[in-house]
Amino acid sequence: MAIEIKVGDRTAWVDLRGQDGNLLEIEVDGKIMKVDVMHTADGTFSILEGGHSYNIELVPHKKPKKYTAYSLYEEYDVEIIDAEARYLLDRGSGAFGSADKEISSPMPGKVVKVFVKEGDEVKNGQTAIVISAMKMESEYKVPVDGKVKKVNVKDGDTIEGNQVLIELE
Amino acid sequence: MTSIKKILVANRGEIAIRIMRTCREMNIEAVAVFSEADRTSLHVRYAHEAHLIGKAPSNESYLNIEKIIEVAKYCKADAIHPGYGFLSENATFARRCKEEGIIFIGPSPEVIVQMGDKIMAREAMTKADVPVVPGTAESISDEKEVFEVIKDIELPIMIKAAAGGGGKGMRLVHKESEIESAVRAARSEALSSFGDDSVYIEKYITSPHHIEFQILADEHGNVIHLFERECSIQRRHQKMIEETPSPLMTPELREKMGQSAVEAAKAVNYTGAGTIEFLVDNNLNYYFLEMNTRLQVEHPITERVTGVDLVKQQIRIAEGQELEFKQKDLSQKGHSIECRIYAEDPDNNFMPSPGKIYKISEPLGLGVRTDGYVYEGYEIPIFYDPMISKLIVWGKTRDEAINRMRRALYEYKITGIKTSIKYLERIMGNAEFIKGDYDTHFIEDHQKELMDKSGHKDISDMVVIAAFIDYLQKISSSENSSKDFVTPQSRWKNIPYINHF
């Protein structure tokens, strides 16, 4: 069953070619790799390839088929694009928003102050909102020149990570 | 002399556990207090007793003096240990403890007022002939005053919270245009962190080293120092890595600064454990910066090279006992380094990264200590400090300690949130750091190299494989009809980790 998997900016085509217990033959973007994969009881994928050992952890997101993958040094956003996901994507209800028209905070926290309101003409670089988390205040700036379409939060609100705070037109 | 049988720890997180560990060794019962956000925090589970003291924001819980006193009286605690931060340098709290007949493990309220107010502290030090950094003798009331002051002591300047510490309520100003927002930010941070928004100005010393001395003083007039800690590796004026001995230190300077630290403590009749922070310039001139009238975050490195349990000494001093050792009994054995592990994103201007911990593998092995409090499945609250643990190593030499730290950081894995671990690992590999040639600008000056993650093999293929196998496993466990893929139970266990979420 071949599917596509998005890892960071890369979209890889992957298929299972053969299996003998935990010894697998997997094709990734046309390259066939022989790997020894163990999903250990503590939740790590231990992969041996050509004698090299890799440990990968997959942390599931709230949205299905999305993960953050951790290797020793890197962190990757991972998304499974199977038939179902593709169908949803084609219908335009996929998870890809127009990120540059939104202001969101990667972390949960509290809204200290919102500086813009609906209908405001805003300039790239202008401070739109101040969020406080862990005793640190961070300013979020307008990413593009434009007009404020919607402000979803107000001063004092508690917010979640990656929540859309302000939408631009 | 009193014998302390029960201590309320008025703090949370790693330091609460650190204190309780010593309590257990001394057969003292430990009482935890916690906010609504901390019900699942490990310090609550480690303690003999635990009591809820209020809502998540610290001013409604960990800073609520009367509530904490009420709990202490209710559970008949003999003493309160304030840890660091929160009420540790709050004179009103120390005074209230005294009034209620509870021992406050720390110096007297008078000393806290004097040293806690950085302006009064500077005065006291000047009187005791300890050199201080040039700056304002009084707190400033508005931005206009700053413009007056910079006519005398030129920019750059530091704006600091009079009640400050730990890098909170502190702003560096290079340009006149930055003054207004810097004063405002320092004020607002000072108010939320310490409940006092007065700030003062200090000349900013370029290329400074931040070196501090640990002191212990008993109620019988004995004062000793436990040598220095080099704390120059900082980001946003907050320490990231500390080591002892300092690579900058010479035996002569150590002798001189140690003596100054002891004099400083004596000048204010200090009792308990305290830290005198100095700025040292490249010519080895040193200036008193501030005194922290509490246990420091980085105290374990001093414990490691001297063999002294500082919390135990604090408790003994609070009981009225005499110090067990004299200056000549102490020496620094080997080298110790501490790395602070923060829940933050080093790739994104060290932005805090609270959230749920997915998995932790802690480093172990010879010469490694971790002081932490988070565990798998724990949700780090947004209300408190982003520091989640401290990694402390010891080595016979500085080189050995650095190599050991690098190894320990390699072993340390925390997923689910972003942490400073890999960033710290890169610092351990930095040539200037290894040479010991650094000042407080190290992070800024080496930003590019420290952000450079090249040199690691692209292993996205392996990530694809892991995600693919995970997908196949999920498919085959949901529909048994799949013939494409066999998931032998003995090979791929159905692991319970998903249940954490």
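Residues numbered from 1 in each chain as written. Chains lettered and ligands numbered in written order. Predicted model: local features only at pLDDT ≥ 70, side-chain atom pairs only at ≥ 80, totals over all residues.

A. Quick look at the overall build of chain B. Across its full length, chain B holds 17 helices and 22 strands. Over its C-alpha atoms chain B spans a radius of gyration of 24 Å, differing by no more than 12% from the 23 Å that the globule rule assigns to 501 residues. Judged by the C-alpha coordinates and their principal axes, chain B covers about 85 × 50 × 50 Å. Out of the 501 residues belonging to chain B, those deemed buried represent 52%. (Helix = DSSP H or I, 4+ residues; strand = E, 2+ residues; numbered from the N terminus. Rg over C-alpha atoms; globule rule 2.2 N^0.38 Å. Buried ≥ 20, exposed ≤ 12 C-beta atoms within 10 Å, placed from the backbone.)

B. Spotlight on the interface of chain B and chain A. In this assembly, 41 residues from chain B lie in contact with 47 residues from chain A. Where the side of chain B that touches chain A is concerned, the elements lending two or more residues are strand 16 (351-352) and helix 17 (460-478) of chain B. The element best represented in the side of chain B that touches chain A is helix 17 of chain B, accounting for 13 residues. Residues of the side of chain B that touches chain A, tallied by class, amount to 24 nonpolar, seven polar and 10 charged. (Contact = placed C-beta atoms within 7 Å. Nonpolar A, V, L, I, M, F, W, Y, C, P; charged D, E, K, R; others polar.)

C. Expanded view of the domain arrangement of chain B. Its domain assignment divides chain B into domain 1 (6-105), domain 2 (134-203), domain 3 (209-451) and domain 4 (471-500). Placing a centre on the C-alpha atoms of domain 1 of chain B and another on those of domain 2 of chain B gives a separation of 32 Å. (Domains from an automatic or database assignment.)

D. Expanded view of the packing of helix 7 (residues 143-152) of chain B against helix 8 (residues 179-194) of chain B. Residues and elements named next belong to chain B. Where helix 7 contacts helix 8, the two axes come as close as 9 Å, and the packing angle between them is 120°. By the criterion of interaxial angle, the relationship of helix 7 to helix 8 is oblique. For the pair helix 7 and helix 8, the crossing hand works out as right-handed. Seen from helix 7, the contacting residues are Glu143, Val146 and Phe147; seen from helix 8, they are Ile179, Glu180 and Val183. (Axes fitted to C-alpha atoms, helices over the stretch in contact; angles between N-to-C directions. Parallel < 35°, antiparallel > 145°, perpendicular 65-115°, else oblique. Left-handed = near helix turned anticlockwise from the far one by under 90°.)

E. Helix 1 (residues 13-25) of chain B, seen in detail. Residue and element names in this part refer to chain B. Between its first and last C-alpha, helix 1 extends 19 Å over 13 residues, near the 18 Å set by a 1.5 Å rise per residue. Among all positions of helix 1, only Gly13, Glu14, Ile15, Ala16, Ile17, Arg18, Ile19, Met20 and Cys23 are buried. One or two steps after helix 1, the chain reaches asparagine 27, where phi turns positive at roughly 55°. (Expected span 1.5 Å × (residues − 1).)

F. Spotlight on the pairing of strand 10 (residues 109-114) of chain A. Residue and element names in this part refer to chain A. Across two bridges, the pairing between strand 10 and strand 15 (residues 158-159) is antiparallel. Within strand 15, the position partnered with glycine 109 by the bridge is isoleucine 159. When strand 10 meets strand 12 (residues 127-133), the two strands line up antiparallel, connected through four bridges. The partner of lysine 110 across the bridge, within strand 12, is serine 132. (Pairing = 2+ DSSP bridges.)

G. Quick peek at the domain arrangement of chain A. Annotation of chain A at the domain level lists domain 1 (3-90) and domain 2 (99-168). Look at where the C-alpha atoms of domain 1 of chain A and domain 2 of chain A centre, and you get two points 34 Å apart.

H. Looking closely at unusual backbone geometry. All names here are of chain B. In this structure, the amide linkage connecting leucine 155 to the following residue, proline 156, adopts the cis form with an omega of 0°. In this model, threonine 244 is joined to proline 245 through a cis peptide bond whose omega is -5°. Positive phi values are uncommon outside glycine, yet serine 207 reaches one of about 55°. Checked against the element boundaries, serine 207 lands in the loop between strand 8 (199-203) and strand 9 (209-217). In this structure, histidine 237 is a non-glycine residue whose phi angle is positive, near 60°. Residue placement: histidine 237 occurs in the loop between strand 10 (223-235) and strand 11 (238-244).

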